[in-house]
Amino acid sequence: MIEVSGLVKRYGPVTAIEGVTFSVGSGEVFGLLGPNGAGKTTTMRIICCVIPPDAGSVVVAGVDALREPSRAKQSIGYLPEVPSVYGRLTVRENLEFFARLYGVPGGEVGPRVSRLLRFFSLEGRADQLASRLSRGLRQRLAIARALVHDPPVLLLDEPTSGLDPMSAREVRDLVVRVAREEGKTVLLSTHNLFEAEQVCDRVAIIRRTILAVGRPRELAERASIRVPVRVALANPSEGLVRVALSVQGVTSAKLESGELVAELEGDPDSVVPELSAALVEAGAKILSIRRTSSLEEAFISVVRGGPRGRSRSGGGVGEGPDVDARTAEGSGEGVVRA
Amino acid sequence: MIRWSRVLCVLVKDWREFSRSGWLVGTALALTVYFGVVLPAIIVFGARISGGAVVPISIPVRLGDLPLPAAPEGLDEVARSVYAAFSLIVPPLFLVIPLAVSTVMAADSFAGERERGTIEVLLAAPLTERELFLAKALASLAPGVGASWGAFALMALATNLMSADMFGGWWFPSGPEWCVVVALVSPLYAFLAISLTVLASSRARSAREAQQASAILVAPILAAVFGQVLGGFAIGLEHLLISAAVLAGLDAGLVALAPGRFFSGVRYMRVD
């Protein structure tokens, strides 16, 4: 549905992206994952024909976007990073305006707008000025706006940026619903690893160029990531460390400030339950279990180009100046910032 | 080829937005009422009270003493002074209406849309730059021209009602010059203001900042007023027609330049 090949964009002496190549299949949710300044927005803006590339090609829904931008734009619903609704228009007027702008026939505008208002639970606010909506509701309206002409492709640039955790979750759920129920192809840019892991079928890690592409779990496996897990215990003991080491997939274990710190290899979703079951069976009183995202570890490994299988202690702060990977408090979200 | 349905769609959207901004509507209404009612009242009643001296005392000229070739015969000093004010001072000042209203609208439509970030979704929509510029320029032009015409109608009514006794009946507009000012110079001047605002919007960080570019257009207005009041020159019909031709040329030049500058500025406003 989206074919991007060899994209290059320079802003004066600065090369924003170079040789960006990837493809997104029909009905797929594809994430462009990278720190700020990695070229995500530039790539998105080229795909939706807002800026031209210096080299490369973009094909959207079978249309060459560089040769026929008007036709390609018709197939794309675009959500820029900044809120993109008109505050002095009502929710309904916003949707009606964009429906007409994209050439939706007059008779279809009303029913289509009503359906979107229902889908996005905005019916009760249809006649309210968009400026009076909360940030989360405005983002919901912006996504509805991007869908109003029923495009097969949806480009979402940092759709949860600046939202509180509750609104961010709502938006993520909506993106998944739109992809599954409406059959849209979604290209989503984010620096939020948790979001990428939760929402995307496949992810491309970008930093000026595409560094890696694959399913989130594949990326973690490909990078041979060891995921650190911290188990807080009411009764820590060396015996429990030995029990942990006996569990398949646990490569190391030690006690640290009353916590059992283990490193896992393979799929943490299957190893963590086995580890906790073994510890409970051995008499452990578990207070909490914390682990970082395996994608987060893969991301850091790929972006830094560091040694494979490099392990970090869980939930810590990145050591380099470029990447700050942390587990967001309360939300369990891995966030990468540059 | 221009797709007028899409141009109209953006234009109506912009008008709807203007109509909901107290600041924009207030500016247009205040100028219309000021030039349509308040200014004629000041001139007519000022002349009546002062006996014909409606210019500041520091200027040692009585308006009625200025050469007014088209003035009707047999006017007394007060009527002659009123006639002079509406023939020499008010026509150039009248251009402040399209200048101010269209500038405020254009700044909101171009720089404001950029400031609020909504221009990005318009650039991603199936619209050409020319269609988008045309829609927004027309949306900004119409309120300025509409306010001018509204003010002119009000001014004609108010002036005639307040001064009919001096002239022996309704007399305003005083000559064909007014028709050229209202129908030709005023829209062309408004378009010049819009084009300058669009140029400024390519760099301005806010709508307010973009408005300042067209402030330079106040200078010719002041020159026309003071030049005539001080007896330096008198603007006649032929001068107005020449001015209209010059304005049309400037407008054409800026229309070729401004949209490209603006859209280029908008496209590269952020680098990620």
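Nothing here was measured: the structure is a model prediction, and the numbers come from that model.

What counts, and at which threshold
Residues numbered from 1 in each chain as written. Chains lettered and ligands numbered in written order. Predicted model: local features only at pLDDT ≥ 70, side-chain atom pairs only at ≥ 80, totals over all residues. Heavy atoms only, no water. Pairing = 2+ DSSP bridges. Helix = DSSP H or I, 4+ residues; strand = E, 2+ residues; numbered from the N terminus. Axes fitted to C-alpha atoms, helices over the stretch in contact; angles between N-to-C directions. Contact = heavy atoms within 4.5 Å. Parallel < 35°, antiparallel > 145°, perpendicular 65-115°, else oblique. Nonpolar A, V, L, I, M, F, W, Y, C, P; charged D, E, K, R; others polar. Salt bridge = Lys/Arg side-chain N within 4 Å of Asp/Glu carboxyl O. Buried < 20%, exposed > 50% of the residue type's maximum accessible area, 1.4 Å probe, protein only. Buried area = accessible area lost by both parts, 1.4 Å probe. Polar contact = N/O pair within 3.5 Å; in protein donor to acceptor, adjacent residues only side chain to side chain. Left-handed = near helix turned anticlockwise from the far one by under 90°. Core = buried A, V, L, I, M, F, W, Y, C linked by side-chain atoms within 4.5 Å.

**A look at the sheet that holds strand S6 (residues 76–79) of chain A**
All names here are of chain A.
- On the basis of which strands lie adjacent, the open sheet formed by six strands has the order S6-S7-S8-S3-S9-S10 and mixed pairing. The strands lining the two open edges of the sheet, one partner per strand, are S6 and strand S10 (209–214). For this sheet, the mean angle separating the axes of adjacent strands, direction not counted, is 15°.
- Here four bridges tie S6 to strand S7 (residues 153–157), and the two strands are oriented parallel to one another. Pairing of Ile76 across the sheet is with Val153, part of S7.
- Lying over the sheet, helix H5 (residues 135–147) contacts S6 and S7, oriented at roughly 160° with respect to S6.

**Observations regarding the packing of helix H2 (residues 22–50) of chain B against helix H4 (residues 96–116) of chain B**
Residues and elements named next belong to chain B.
- Axis separation between H2 and H4 bottoms out at 10 Å; the angle between their running directions is 175°. The pairing of H2 with H4 is recorded here as roughly antiparallel in orientation. Listed contacts from H4 to Trp23, Leu24, Thr27, Ala28, Leu31 and Phe35 of H2 are Val96, Ile97, Ala100, Val101, Val104, Met105 and Asp108.
- By residue class, the composition of the contact of H2 with H4 is 11 nonpolar, one polar and one charged.

**Some remarks on the pairing of S10 of chain A**
Residue and element names in this part refer to chain A.
- Across five bridges, the pairing between strand S9 (residues 202–207) and S10 is antiparallel. Each residue of the ladder has a partner; that of Ile205, found in S10, is Ala212.
- Linking two consecutive strands that pair antiparallel, namely S9 and S10, is a turn of one residue; a positive phi of about 70° is found at Arg208 within it.

**Details of the pattern of salt bridges**
Residue and element names in this part refer to chain A.
- Going through the model one piece at a time under the given rule, you end up with 27 salt bridges over all chains.
- A salt bridge links Arg92 to Asp127; the nearest nitrogen and oxygen atoms lie 3.5 Å apart. Highlighted residues: Arg92 in helix H3 (residues 91–101) and Asp127 in the loop between helix H4 (106–119) and H5, separated in sequence by 35 residues.
- Relative accessible area serves as the criterion here: at 26%, Arg92 is assigned to the partly exposed category.
- Linking Glu259 and Arg230 is a salt bridge whose minimum nitrogen-to-oxygen distance equals 2.8 Å. Residue Glu259 is found in strand S13 (residues 259–265), and its partner Arg230 is found in strand S11 (residues 226–233); the two are separated by 29 residues along the sequence.
- What you see here is one network of salt bridges that share partners, running through Arg230, Lys254, Glu256, Glu259 and Arg290.

**Considering the interface of chain B and chain A**
- Contact residues are listed per partner, giving 30 residues for chain B and 38 residues for chain A.
- Of the roughly 3,000 Å² buried between chain B and chain A, counting both surfaces, carbon and sulfur atoms make up 55%.
- The salt bridge partner of Asp108 of chain B is Arg88 of chain A, with a shortest N-O separation of 2.8 Å.
- Viewed at the interface, chain A and chain B are joined by 10 residue pairs in polar contact (both at pLDDT 80 or more).

**Section: the packing of H3 of chain A against helix H1 (residues 4–19) of chain B**
- Relative to each other, H3 of chain A and H1 of chain B sit at 160°, their axes nearing to 9 Å. The orientation of H3 of chain A with respect to H1 of chain B, classified from their angle, is roughly antiparallel. Every pair of crossing elements has a handedness; the one defined by H3 of chain A and H1 of chain B is left-handed. Two secondary-structure elements touch here, H3 of chain A through Glu93, Phe97, Arg100 and Leu101 of chain A and H1 of chain B through Arg6, Cys9, Val10, Lys13 and Arg16 of chain B.
- Within the contact of H3 of chain A with H1 of chain B, the residues separate by chemical class into four nonpolar, no polar and five charged.

**Considering the nonpolar core**
- Within the largest apolar cluster, 110 residues are counted, with the highest numbers of intra-cluster contacts made by Phe22, Ile47, Phe98, Leu101, Phe120, Leu155 and Leu187 of chain A.
- Among the elements that make up this core, the one with the highest residue count is H5 of chain A (seven residues).
- Look past the residues within four positions of Phe120 of chain A in its chain and what remains in contact with it is Arg140, Ile143, Ala144, Leu147, Leu174 and Val178 of chain A.
- Core analysis: the next-biggest nonpolar cluster, separate from the first, contains 53 residues, Val78, Ala158, Leu196 and Leu217 of chain B among them.

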